[in-house]
Amino acid sequence: MPPPPPLPAGRGRCALSFAAARDRCFSRRFRRAGMRPLAVPLPAGPDPATTVHMWVPGRQPRNPLLLLHGFGASATWQWAPYLRPLIAAGFDPIVPDLVFFGASCTRLPDRSDTFQAFTIKAAMDAIGITKFGLVGVSYGGFVGYRMAAMYPEAVERVAMVCSGVCLEEKDLAEGLFPVKGVDEAAALLVPRRPEEVRRLVRLTFVRPPLIMPSCFLWDYIKVMGSDHMQEKTELLHSLINGRELSSLPKLSQPTLIIWGEQDRVFPMELAHRLNRHLEGNSRMVVIKNAGHAVNLEKPKEVCRSIIEFFKEPAAKASDGEKV
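Computed from a predicted model, the values in this text were never measured in an experiment.

**Observations concerning the nonpolar core**
Across soluble globular proteins, nonpolar side chains have a tendency to be buried as a group.
Argument step 1. In terms of nonpolar packing, the biggest core is built from 105 residues, with Leu 66, Trp 79, Leu 86, Val 95, Phe 132, Val 135 and Ile 306 touching the most fellow members.
Argument step 2. If we ignore the near neighbours within four places in the chain, the residues touching Leu 86 are Leu 65, Leu 67, Phe 91, Pro 93, Cys 303, Ile 306 and Ile 307.

Laid out in structure tokens, this is it:
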């Protein structure tokens, strides 16, 4: 899909790129936290089919925690607020861009969450990390859940943040979501015009910005959202088409479920559905006054829950709480 058409000269155009400046700012925050960027070729060699871009600690990780982002901007935008608290708590964050986000890409045709899971696991193997905890936000949770199911010997614990892995394709037609089909979901999550970005922000935030100028939204789409639009749409089709709860594996790892109480993208029903599906092997934290973008609206509360979960004894009883 081509990028959005340029605006007529002099109308709604920003002289400077706010999105590009903000992207550089997030990269500097990662560097100041002791992280370094790395491009991992898969397979290793002069002409890899897939490249995974990731931010890794400057030293060999001792307590690695893999952070998987959702749809939207690259990983740095979504995880920057978490770096220093996690590092201060003794964790070593590993922050990749999923395939077709940021600087990660592939020539291969597979668009499944299984392929994403295989690719990220291969990248972790390539940098010498064989065991780790995992946190996945929204789409990153789909990939993380698949990784945990495929590689239980590597993924020790899992935290799922507003990730509707228990959705079924029929849920769209039955009115559980604000969209009625996969095409409409793709149009929502891969916005091409300012009005589509506004709709997405208003759905995902409890308190969205009152003013969202078109020039800033066009700039964001051009800088952060215009790459791989068709491939991202195909990711969503692969994720949702034919999806049934009966085919979702049950995880053996302790699992934390974090949800925004007012999530309208993946309603609370999916959090309870996942909690039931895991049959006592999970605990749920519901964060008040937060929507689907709970990781951005309430980063302190989300980060505190993550730290407590990954530090607690494995045998602690599962329960639920509100924050």
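What follows continues from the structure just given.
**Considerations on the environment of Asn 63**
Argument step 1. If you trace the backbone, Asn 63 turns up in the loop between strand E2 (50–57) and strand E3 (64–68).
Argument step 2. A residue is classified by how much of its surface remains accessible, and Asn 63, at 33% relative accessible area, is partly exposed.
Argument step 3. Remark: the alpha-carbon pair of Asn 63 and Phe 91, spanning 28 residues in sequence, is separated by 5.1 Å.
Argument step 4. Once residues within four sequence positions are removed from consideration, Asn 63 is found in contact with Gly 90, Phe 91 and Asp 92.
Argument step 5. One polar contact links the side chain of Asn 63 to the main-chain carbonyl oxygen of Gly 90, over a distance of 3.4 Å.

**A closer look at the pattern of salt bridges**
Argument step 1. The tally for this structure, following the rule as stated, stands at 13 salt bridges.
Argument step 2. Here Arg 273 makes a salt bridge to Asp 171, at a shortest N to O gap of 2.8 Å. With Arg 273 in helix H11 (residues 268–277) and Asp 171 in helix H6 (residues 169–173), this residue pair connects regions lying 102 residues apart in the sequence.
Argument step 3. For Arg 273, a relative accessible area of 13% translates into the label buried.
Argument step 4. The class of Asp 171 is buried, set by a relative accessible area of 4%.
Argument step 5. A cluster of three or more residues bridged by salt bridges with shared partners is formed by Asp 171, Glu 269, Arg 273 and Arg 276.

**Quick look at the environment of Asp 113**
Argument step 1. By the element assignment, Asp 113 lies in helix H4 (residues 113–126).
Argument step 2. On the basis of relative accessibility, which here comes to 9%, the residue Asp 113 falls in the buried class.
Argument step 3. Once residues within four sequence positions are removed from consideration, Asp 113 is found in contact with Phe 142, Val 143, Arg 146, Leu 239 and Arg 243.
Argument step 4. Engagement of the side chain of Asp 113 in a polar contact is seen with the side chain of Arg 146, the distance being 3.4 Å.

**Quick word on helix H5 (residues 139–150)**
Argument step 1. In a regular helix each residue adds 1.5 Å, so 12 residues correspond to 16 Å; H5 covers 17 Å between its end C-alpha atoms and thus fits that length.
Argument step 2. For H5, the tally of buried residues reaches 10 of 12 residues, placing the bulk of the element in the interior.
Argument step 3. Taken residue by residue, H5 has Tyr 139, Gly 140, Gly 141, Phe 142, Val 143, Gly 144, Tyr 145, Arg 146, Met 147 and Ala 148 as its buried positions.
Argument step 4. Of the surrounding secondary structure, the elements contacted by the buried residues of H5 are E3, H4, strand E6 (132–137), strand E7 (155–161), helix H10 (229–240) and H11.

**Notes on a positive patch on the surface**
Argument step 1. The grouping of Arg 22, Arg 24, Arg 28, Arg 29, Arg 32 and Arg 84 at the surface amounts to a positive patch.
Argument step 2. With 5 residues, helix H1 (residues 18–32) is the single largest residue contributor to the positive patch.
Argument step 3. Mapped onto the elements, Arg 84 comes out in helix H3 (residues 83–88).

Analysis parameters
- Residues numbered from 1 in each chain as written.
- Predicted model: local features only at pLDDT ≥ 70, side-chain atom pairs only at ≥ 80, totals over all residues.
- Heavy atoms only, no water.
- Core = buried A, V, L, I, M, F, W, Y, C linked by side-chain atoms within 4.5 Å.
- Buried < 20%, exposed > 50% of the residue type's maximum accessible area, 1.4 Å probe, protein only.
- Contact = heavy atoms within 4.5 Å.
- Helix = DSSP H or I, 4+ residues; strand = E, 2+ residues; numbered from the N terminus.
- Polar contact = N/O pair within 3.5 Å; in protein donor to acceptor, adjacent residues only side chain to side chain.
- Salt bridge = Lys/Arg side-chain N within 4 Å of Asp/Glu carboxyl O.
- Expected span 1.5 Å × (residues − 1).
- Patch = residues over 30% accessible without salt bridge, like charges linked within 9 Å, V, L, I, M, F, W, Y side chains within 5 Å.
- Areas by Shrake-Rupley, 256 points an atom, 1.4 Å probe, with all protein chains shown as cover.
- Lys, Arg positive; Asp, Glu negative; His and termini not counted.
- Charge placed at Lys NZ, Arg CZ, Asp CG, Glu CD.

Shape descriptors only; they carry no functional weight alone.
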